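Architecture at a glance
Letter by letter, the chains look like this.
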Amino acid sequence: MNELQKLCDKVPSFDSAVAMQVINDELGAPWYEIYADLTPEPIAAASLGQVYRGRLKTGEEVAVKVQRPGVLETVTVDLYIIRKIGLFLRKFPQLTTDVVALLDEWAARFFDELDYVKEGRNATIFAQQMAADLPQVVVPSTFSELTSRRVLTVSWLDGEKLSQSKADDVGDLVNIGVICYLKQLLDTGFFHADPHPGNLIRTPDGRLAVLDFGLMTQVDDDIKFGMIEAISHLIHRDYEAIVQVDLKTLHSIWVLRTRWRWHAQPGCCCCYMCDLPAVALSVAVAVVSKLSQGGRLAVPRESACGIRLPKFPIVCCYQIYLLLLLLLLLLFAGLCDTAVHPTRH
């Protein structure tokens with residue numbers, strides 16, 4: 001896990017001369033004609049780009065993110081090859097996972113993440129949605145005139161990672177973070193889908209800064225209502241009622257067939273569970289088993305495609321979002337635990 005965490009901001013950087021050329025190509029002028037100052041080396045580097053600290057000629061401090069050269073072309077070729085393999089695998093009916101459908105969905109999100117203009121626009125929308133109810137949440141402002149597909153210029157925010165902060169108010173900021181993500185899932189529907197610790201910062205004035213808006217998703221109203229209903233049942237420990245949430249109201253079958261193109265086998269109402277990532281599935285088993293405390297949940301022990309299923313139901317798309325919510329709660333619980341018991345880490 002620690003090695004994976006390094007992908008967030010500790011990846012080896014690429015040559016700064018190349019980065020300056022990218023700025024020139026994207027913004028139409030050398031960096032020194034655009035910015036008054038720019039650090040000679042990046043202050044952080046991730047898998048898709050690296051960040052420089054700078055200052056505009058008008059005096060504002062900024063962060064400048066520059067995309068790694070060739071990343072779009074490299075990933076496009078990789079995706080093309082994997083998709084060809086996926087099309088070949090469709091010839092084997094015993095393989096129930098539609099690799100092509102999964103890859104197409106992932107690829108669409110990935111290409112969105114490589115468009116820094118869209119990322120800047122996402123940040124602006126997110127900030128507007130949080131401003132009224134959560135002034136404790138701050139988002140860097142985007143300088144759209146200094147932003148292109150491969151270069152992003154935003155206001156600089158001082159701070160430290162929430163996961164590494166020793167401040168007394170970290171527990172309060174964790175609570176604000178939970179409320180912030182509940183608001184996204186259950187209210188605005190505009191969801192920040194990359195909430196790793198590197199993107200959650202405590203500012204010197206005690207606010208929670210959320211960074212990196214390349215990976216966003218839109219939560220449909222039907223799914224939001226389904227989650228609210230399910231949470232209500234969880235609060236009342238009515239686990240059987242969660243199973244019986246009205247599928248017609250949630251349009252779950254429509255969502256699964258048209259968005260994900262998963263096809264249930266005859267006699268298997270939950271066959272698509274086999275396509276859930278193994279990690280998410282194992283977490284779901286642990287969480288729901290804990291919640292049910294041995295309650296009777298009538299789900300087949302084996303799907304029509306021969307896969308052994310755990311004794312819990314995930315039959316609606318909204319419940320995948322509930323699983324995501326549980327994972328987010330685990331993330332913030334971990335941040336709070338780090339603040340209270342720093343010696344454990």
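An account of the accompanying structure is given in this report. (Residues numbered from 1 in each chain as written. Predicted model: local features only at pLDDT ≥ 70, side-chain atom pairs only at ≥ 80, totals over all residues. Heavy atoms only, no water.)

**Describing helix α8 (residues 221-235)**
The terminal C-alpha atoms of α8, which comprises 15 residues, lie 21 Å apart, in line with the 21 Å expected from a rise of 1.5 Å per residue. All buried positions along α8 are accounted for by Ile-223, Lys-224, Gly-226, Met-227, Ala-230 and His-233. Immediately downstream of α8, the backbone of Arg-237 shows phi near 55°, a positive value. (Helix = DSSP H or I, 4+ residues; strand = E, 2+ residues; numbered from the N terminus. Expected span 1.5 Å × (residues − 1). Buried < 20%, exposed > 50% of the residue type's maximum accessible area, 1.4 Å probe, protein only.)

**Thoughts on the packing of helix α6 (residues 116-131) against helix α7 (residues 170-188)**
Contact geometry of α6 with α7 gives a least axis separation of 11 Å together with a crossing angle of 95°. By the criterion of interaxial angle, the relationship of α6 to α7 is roughly perpendicular. Together, Phe-126, Gln-129 and Met-130 of α6 and Cys-180, Lys-183, Gln-184 and Thr-188 of α7 make up the contact between the two elements. For the contact of α6 with α7, a count of residues per class yields three nonpolar, three polar and one charged. (Axes fitted to C-alpha atoms, helices over the stretch in contact; angles between N-to-C directions. Parallel < 35°, antiparallel > 145°, perpendicular 65-115°, else oblique. Contact = heavy atoms within 4.5 Å. Nonpolar A, V, L, I, M, F, W, Y, C, P; charged D, E, K, R; others polar.)

**Quick notes on the pattern of salt bridges**
Counted by the stated rule, this structure contains 14 salt bridges. One salt bridge connects Arg-83 with Asp-104, and the closest N-O pair in it is separated by 2.8 Å. With Arg-83 in helix α4 (residues 71-89) and Asp-104 in helix α5 (residues 99-113), this residue pair connects regions lying 21 residues apart in the sequence. In the salt-bridge network here, residues are joined through shared partners; they are Arg-53, Glu-61 and Asp-158. (Salt bridge = Lys/Arg side-chain N within 4 Å of Asp/Glu carboxyl O.)

**As for the packing of α7 against α8**
Taken N-terminus to C-terminus, the directions of α7 and α8 make an angle of 120°; their axes are 8 Å apart at the nearest point. Comparing the axis directions of α7 and α8 gives the class oblique. For the pair formed by α7 and α8, the contact residues are Leu-185, Leu-186, Asp-187 and Thr-188 on the first element and Lys-224, Met-227, Ile-228 and Ile-231 on the second. In the contact of α7 with α8, the residues fall into five nonpolar, one polar and two charged.

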